[in-house]
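Listed here are the chains, written in short residue letters.
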Amino acid sequence: MFVQGGALGALAVVAALAAVSGRRFLLAVVYPVTALAAIALGVVDLAIWLGGGGFAAVLPIGLPTIGLHLRLDQLSAFFGVVINGGVLAASLYGMGLDRAKELTPRVEPLFPLFAAAMNLVLIADDAYAFLFSWELMSLTSWAMVVAHHTNAENRRAGHLYLVMAAIGTTALLFAFGGLAGPAGGYAFDTIRTQAPTPLIAALVLATALVGCGSKGGLIPLHAWLPLAHPAAPSHVSALMSGVMTKVAIYGFVRIAFDLLGPPAWWWSLPPIVLGAITAVLGLLYAVFDRDLKRVLAYSTVENVGVIFVALGLALAFRANGQPAAAAVAMAAALLHILNHSWFKSLLFLGAGAVLHVTGRRDLEGMGGLIHRMPRTAVFFLVGALSISALPPLNGFVSEWLLFQSVIAAPALPQSALNFAAPAIGAMLALAAALAAACFVRVYGVAFLGRPRSVEAARAHEVPLVQQIAMGGLALLCILGGLLGALLTGALAPVLKGLVGSELPNAGTGPTPFSLIAFDASRSNYDAVVIALFVAIASVAALLVVHRLSARRTRRGPAWDCGFPDPSPAIQYSASSFSQPLRRVYGAVVFSARETVVMPPPGDLQPARFSVALIDYIWTTLYIAPWRALLRLSERLNALQFLTIRRYLVLMFAALVILLSIAAVTI
Amino acid sequence: MSADLAKQFLAQGVQMFLVLLIAPLAVGVVRRVKARLMRRQGAPLLQGYRDLAKLLRKESVLAENASWLFRAAPCLIFALTWVAAALVPSFASGLMFNWAADVVALVALLGAARALLALAGMDVGTGFGGIGSSREMMIATLAEPAMMLIVLTLAIAAGTTRLAGVADFFIAEPLAVRVSLALSLVALIIVALAENARIPVDNPVTHLELTMVHEAMILEYSGRHLALVEAASYLKLVLYLSLLICLFAPFGMAPATAGIGGWIVGLLAWTAKLLTGAALLGVWEVSIAKMRVFRLPDFLGIAFIFGFLAILLAFLTRGAVQ
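What counts, and at which threshold
Residues numbered from 1 in each chain as written. Chains lettered and ligands numbered in written order. Predicted model: local features only at pLDDT ≥ 70, side-chain atom pairs only at ≥ 80, totals over all residues. Helix = DSSP H or I, 4+ residues; strand = E, 2+ residues; numbered from the N terminus. Rg over C-alpha atoms; globule rule 2.2 N^0.38 Å. Buried ≥ 20, exposed ≤ 12 C-beta atoms within 10 Å, placed from the backbone. Contact = placed C-beta atoms within 7 Å. Axes fitted to C-alpha atoms, helices over the stretch in contact; angles between N-to-C directions. Left-handed = near helix turned anticlockwise from the far one by under 90°. Nonpolar A, V, L, I, M, F, W, Y, C, P; charged D, E, K, R; others polar. Pairing = 2+ DSSP bridges. Core = buried A, V, L, I, M, F, W, Y, C linked by C-beta atoms within 7 Å. Parallel < 35°, antiparallel > 145°, perpendicular 65-115°, else oblique. Expected span 1.5 Å × (residues − 1). pLDDT = per-residue confidence, 0-100.

A. Region of the structure containing the overall build of chain A. Of the regular secondary structure elements, chain A holds 27 helices and 7 strands. For chain A, whose C-alpha radius of gyration is 27 Å, the value lies close to the compact-globule estimate of 26 Å for 666 residues. Projected onto the principal axes, the alpha-carbon positions of chain A cover approximately 95 × 75 × 60 Å. Looking at chain A as a whole, 56% of its 666 residues qualify as buried. Partitioning the intrachain contacts of chain A with sequence separation of at least 6 by distance along the chain shows that 78% fall at a separation of at least 24.

B. Layout of the overall build of chain B. In terms of helices and strands, chain B carries 11 helices and 1 strand. Along the chain direction, N to C, the helices and strands of chain B fall in the order α-α-β-α-α-α-α-α-α-α-α-α. Against the 2.2 N^0.38 benchmark of 20 Å for 322 residues, chain B shows a C-alpha radius of gyration of 20 Å, consistent with a compact globule. When its C-alpha atoms are laid out on the principal axes, chain B stretches across 60 × 45 × 45 Å. By the burial criterion, 64% of the 322 residues in chain B qualify as buried. The contacts in chain B between residues at least 6 apart in sequence include a share of 82% that link residues at least 24 apart.

C. Structural detail: the packing of helix 14 (residues 323-358) of chain A against helix 16 (residues 374-387) of chain A. Residue and element names in this part refer to chain A. Running from amino to carboxyl end, helix 14 crosses helix 16 at an angle of 140°, the nearest separation of the two axes being 9 Å. Here the hand of the crossing between helix 14 and helix 16 comes out left-handed. Contact residues: Phe343, Leu346, Leu347, Gly350 and Ala353 in helix 14; Thr376, Phe379, Phe380, Gly383, Ala384, Ser386 and Ile387 in helix 16. Grouping the constituent residues of the contact of helix 14 with helix 16 by class yields 8 nonpolar, 4 polar and no charged.

D. Spotlight on the interface of chain A and chain B. Each partner contributes to the interface: chain A provides 74 residues, whereas chain B provides 77 residues. Of all elements in the fold, only helix 15 (369-372), helix 17 (394-407), helix 18 (415-446), strand 4 (524-526), helix 23 (527-548), strand 5 (553-556), helix 24 (574-577) and helix 25 (579-589) of chain A reach the threshold of two or more residues within the side of chain A that touches chain B. Here the element with the most residues in the side of chain A that touches chain B is helix 18 of chain A; it accounts for 14 residues. Note: strand 5 of chain A against strand 1 (residues 60-63) of chain B, 4 bridges, orientation parallel. The residue bridging glycine 556 of chain A from the neighbouring strand is alanine 63 of chain B, located in strand 1 of chain B.

E. Examining the environment of isoleucine 167 of chain A more closely. All names here are of chain A. By the secondary structure assignment, isoleucine 167 is in helix 7 (residues 152-180). Classification of isoleucine 167 as partly exposed rests on a count of 15 C-beta atoms within 10 Å. For the pair isoleucine 167 and leucine 221, spaced 54 residues apart in the sequence, the C-alpha separation amounts to 9.9 Å.

F. Just the nonpolar core, in detail. Ranked by internal contacts, the top residues of the largest apolar core, which has 382 residues, are Ala26, Val83 and Val238 of chain B. Those residues within four positions of alanine 26 of chain B in sequence are excluded, and the remaining contacts are Leu237, Val238, Leu241, Leu274, Leu275 and Ala278 of chain B.

G. Here's a closer look at the packing of helix 6 (residues 127-145) of chain A against helix 11 (residues 234-259) of chain A. All names here are of chain A. Packing of helix 6 against helix 11 leaves a shortest axis separation of 11 Å and a crossing angle of 160°. Regarding the angle of helix 6 to helix 11, the classification is roughly antiparallel. Crossing hand, helix 6 versus helix 11: left-handed. Every residue of helix 11 that contacts helix 6 at Met137, Ser141 and Met144 is listed here: Val236, Met240, Met244 and Val247. Residues of the contact of helix 6 with helix 11, tallied by class, amount to 6 nonpolar, 1 polar and no charged.

H. Molecular detail of the environment of leucine 311 of chain A. All names here are of chain A. With respect to the helices and strands, leucine 311 occurs in helix 13 (residues 292-319). Counting along the chain gives 151 residues from leucine 311 to valine 462, while the straight-line C-alpha distance between them is 38 Å. Aside from chain neighbours lying at most four places away, what touches leucine 311 is Phe252, Val253, Pro271 and Ala333.

I. Broad picture of helix 25 of chain A. Three or more residues of helix 25 of chain A are buried, namely Gln579, Pro580, Leu581, Arg582, Val584, Tyr585 and Gly586 of chain A. Positive backbone phi, approximately 50°, marks serine 591 of chain A, located one or two places after helix 25 of chain A.

J. Here's a closer look at the pairing of strand 6 (residues 593-597) of chain A. Residue and element names in this part refer to chain A. Counting buried positions over the 5 residues of strand 6 gives 0, only a small fraction of the element. As judged from the 5 bridges shared by strand 6 and strand 7 (residues 608-612), these two strands associate in the antiparallel manner. Directly across from threonine 595, in strand 7, lies its bridge partner serine 610.

K. Region of the structure containing helix 4 (residues 103-123) of chain B. Residues and elements named next belong to chain B. In this model, helix 4 (21 residues) spans 30 Å end to end at C-alpha, consistent with the 30 Å of a helix rising 1.5 Å per residue. Judged by how many residues are buried, helix 4 sits mostly within the fold: 21 of 21 residues are covered. Looking one or two residues beyond helix 4, the residue adopting positive phi is glycine 125, at roughly 85°.

L. Structural context of unusual backbone geometry. Proline 220 of chain A follows isoleucine 219 of chain A through a cis peptide bond whose omega is 10°. At the junction of isoleucine 199 of chain B and proline 200 of chain B, the peptide bond is cis and its omega measures out at 10° in the coordinates. Mapped onto the elements of the fold, proline 200 of chain B is located in the loop between helix 7 (179-195) and helix 8 (214-217). Despite not being glycine, serine 591 of chain A shows a phi value in the positive range, around 50°. With respect to the element layout, serine 591 of chain A can be found in the loop between helix 25 and strand 6.

M. Up close: the confidence of the model for chain B. Per-residue confidence for chain B gives a mean pLDDT of 87; residues scoring 70 or more make up 95%. In the predicted complex, the global pTM is 0.94; the interface-specific ipTM is 0.94.

So, in structure tokens, the structure goes:
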């Protein structure tokens, strides 16, 4: 507890000092101190996650009658590990930033404050503390989004983020209001003792889904995320995408699994349905986007959707008294939270490295970076393959567990869930395949091939400390994949707390690395054995081939069916790579239209090709209400120019109406 | 127990080398049948082996800007496909390491091989490489979900995702005709055609054609690298044929408890079924034309819809039983 408090205090003090003084040497210690604090917090969290225990405290600050309740239990500790791992990597990366170019004094004081706010959300144990730290988290991240405020696009992103954050927090305010009940017991301990009525529970669930879903990027509340996450400096983007979305999910888990009491089966439907739609649509957005960081942000949306599907399944199984299946689904969710925080932070840091050395975010100007940034290319490749859920890396472990829990869904008695589950399975499989296509595209266009711009041709490797940050995360992705079974085993205490059961038959497999979903004869996945097999097979193939073959290698110009073209423009670009997908999916979902304007012969104008995609969610759910609101306010504007007699009439009418309402109801 | 284990180990080893040995022959059969049906003489059945030997002897020409990924990919693709092929029960279901990867992992292993190949296709930065990679990934987004639905259907029917368990289930009750399994069969055949770049999805013998997919990705490979990629594609064909046999025609396969006699029966039955399957593929390829790339979604959409109907039926019937 003292470590926790001390570390959080240190973060706050550093932030305050950096903000007040603005001195160069103070700014320089921001990232090292944040890294140290993250290590301290992470170690405490890890000890509590694995070893149990935890602490609780009530401080006499905050609202007068409530005080400030703090508590660190195993659920919070697990999320604490997720968050502080990401903070550590981002701070390490921050140490390598070019002070002359990238370090804006606007980011440095806020960075530790943002880290502290996220940690505070986890240990908050009453509604006030939760919402306060939630808002602190939103505001600090918002301020970093608009750090480069001279760019109009960043300002627009910041504006939309602020609006969506306000809507989300308002929704959470209502959620906690419903949980606290008429007596106003805002401490989580009090909330746990009172069971809400079904109506209240439904309202709380809906508002929690809006509040946490908007922060996490659940479609249709995602619109701000792909604008705001990329607008921030890259290490902050890594934190927002890799880590802050996890805080949002923590909020939902805390409310739905802990505070709201025993679940009803229908609670599971909204997260499952919204999550599945989010998973597929998020990737369809990603696969057509040409901005590297925005692609990553959309992929975050997808992963949040996958996590919500797993959470929904866990709720369904738990409500139907199937703790083993609930544990499998919940393990998939928690593991995916951990995995996604690793590979998404890694990918954003990699994108930051690319952005730093080339100054470009658009994929169309990249290419060939594998030659000029060899290490970053390796790390990014690990991240790209992990997020595509390919074995033996870590993304596949959670994906595998999720499919196992889908297979268990026929045992659910509700026919609505029985109809939904196969569709969920199909959509998850589609999302996995689209993820592979999306990241082959990103990696193939950015890192492989030939440079498409001068900047890409002049790229160079980033500083060592940034390589360490990315390399550490890449190593975690590999280890998390190989040791997925041990990691899942370590989730047992958290699972017990959430769904009342750990993974059945864990650790009974043929090797300690066997991941078992229900029992060993039913489903088993052993990443270490598979990896060993692949390694042996490739070494054997190499040996045999080298023994039998000529072993001669010659370098020559590319063959390209006899028509090699020296211009890098001949390569497939990001938009041409997604053209087949655009024809297949884009035409249905976004009404994608391709138009070719071909000038008549003899005309010197270049031919033009353009693609139009319509984002129906944006036009119907954001633009249309905004326009309606504008129209309405224009109409109501007339009310501001009335004569005093009319105002008096209006006031009198209002009084009469209120009195008559009071007379009827009382 | 140890004798049992030794037997399983042996079965695994035999299987591992068997698929490798028989793969070029299976491809030879397909080509031979196609050639004879077109009234051509056709290459000898063993041409696949000769092709591989020839490629190994030749020097490998790498494009000037090919990276390490381009050189490492063939070996990894081959290893991933080989491991996947070795895990599908062929003549005996009691394979030693079969437990390590279930069907979901098998699909993902093939997905990893495909992703690497698509990346390698984009490495040199040529127009053809990109066209192949982008179309391959588009086809994968249609075929992989269909495959996953089939896999989940079978897993629900058999109550396990372990391939050996599914195979044992189908050996035990081969006559249970179910609608969901029939739908899965059709879907799996379509997926297998797509995954193996066969007609009507792709033409394995084409070059210099704007419609090629698989061949476009591997256009820059030569020599030993090409040999490995080709061997991987041969193995993939055997894998899918084996999978079809193991799931829908498992008769003759030695169960986990069988002795050497059962193995020999299983071996003969599997080889016969595999070569028959290859011959049927040849007949199919001759009797149908290649589709335009953008008609593929319709064709693969059938697989997806059938897969979805299959899993829906599996869910509902199972829900009713309980």
